[in-house]
Amino acid sequence: MGYNFFLSLMFLLNLDFFTISLVQIFISGIAGICILKIGSLIWDQNIGVLSLIMFLFYPHIQIFNFYILTESLFINFIIIGFYILIRNYKLNSIILGTLFLFYTATIRP
C-alpha cells in the first residue's frame, strides 16, 4: 500500500517511469548520507565512511533503484527512518522517526 501511494504521487505529478527511477536513486543517495551519519554517531567517522562505501557498491541495492519495485524504497526508508530516530533524543525526532518507520512497514507486504 505504501509503494502504491508513492507511485500514485509520482503519477499525479505527471512523472514517467524514468523519472521515478531517478527519484529512487536520489532517495538512495539520501540513505547513503544517513548511513554515513549513523556510522559516525554510533562509532566513528571511519566506520561511517566504510559503511557508506559498502552501501554504494553493493550491487543488489543499486540495481533495485532502476526497477519499479518495492525493494528500493523499503531498504532506503529503513535507513532514513533509523537515522531520524537516533539523530537526537528529542521527542519530535522520535515521533517522526517512528511514523516514518511505520510508513516503511506499509511499503512491502
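Within any chain, residue numbers begin from 1 and follow the written order of that chain's sequence. Local features in a predicted model are, by the rule used here, given only for residues with pLDDT of at least 70; side-chain atom pairs are given and counted only at 80 or more, and totals for whole chains, interfaces and linings are based on all residues. Each side-chain value is worked out from all heavy atoms of the structure, with water and hydrogens disregarded.

Starting at the N terminus, helices and strands are each numbered in turn, a helix being any DSSP run of H or I of at least four residues and a strand any DSSP run of E of at least two. Secondary structure summary: the protein chain contains six helices and zero strands in total. When the helices and strands of the protein chain are placed in sequence order, the string is α-α-α-α-α-α. Relative to the compact-globule value of 13 Å for 109 residues, the protein chain shows a C-alpha radius of gyration of 14 Å, a close match. Partly exposed describes any residue whose relative accessible area lies between the buried limit of under 20% and the exposed limit of over 50%, with all areas from a 1.4 Å probe on protein chains only and scaled to the type maximum. Counting across all 109 residues of the protein chain, residues that qualify as buried make up 35%. Intrachain contacts of the protein chain at a sequence separation of at least 6 include 57% that bridge at least 24 residues. Working note: accessible area of the protein chain is about 6900 Å², and carbon and sulfur atoms make up 76% of it. Every radius of gyration here is taken over C-alpha atoms, with the globule rule written as 2.2 Å times N^0.38, N being the number of residues. The contact criterion used is simple: two residues touch if any of their non-hydrogen atoms lie within 4.5 Å. Working definition of accessibility: Shrake-Rupley area with a 1.4 Å probe, residue cover restricted to the visible protein chains.

What follows concerns the packing of helix α2 (residues 17-42) against helix α5 (residues 70-86). The angle between two axes is taken between their N-to-C directions and runs from 0 to 180 degrees, where each axis is a line fitted to C-alpha atoms and a helix contributes only its stretch in contact. Following both chains from N to C, one finds α2 and α5 inclined at 40°, their axes separated by 9 Å at the closest point. Crossing of α2 over α5 shows left-handed handedness. In contact with Gln24, Ile27, Ser28, Ile30, Ala31, Cys34, Ile35, Lys37, Ile38, Leu41 and Ile42 of α2, α5 contributes Ser72, Leu73, Asn76, Phe77, Ile79, Ile80, Phe82, Tyr83 and Ile86. For this classification, the nonpolar set comprises Ala, Val, Leu, Ile, Met, Phe, Trp, Tyr, Cys and Pro, the charged set comprises Asp, Glu, Lys and Arg, and every other residue, Gly included, is treated as polar. In the contact of α2 with α5, the residues fall into 15 nonpolar, four polar and one charged. Left-handed describes a crossing whose near helix is turned anticlockwise from the far helix by less than a right angle; the clockwise case is right-handed.

On to the nonpolar core, then. Remark: nonpolar core denotes a set of buried residues (Ala, Val, Leu, Ile, Met, Phe, Trp, Tyr, Cys) joined through side-chain atoms within 4.5 Å. Among the nonpolar cores identified, the biggest contains 20 residues, and Phe6, Leu73, Ile79 and Ile80 are the most heavily contacted of them. Isoleucine 80 has contacts with Ile27, Ile30, Ala31, Cys34 and Phe100, leaving out every residue within four places of it along the chain.

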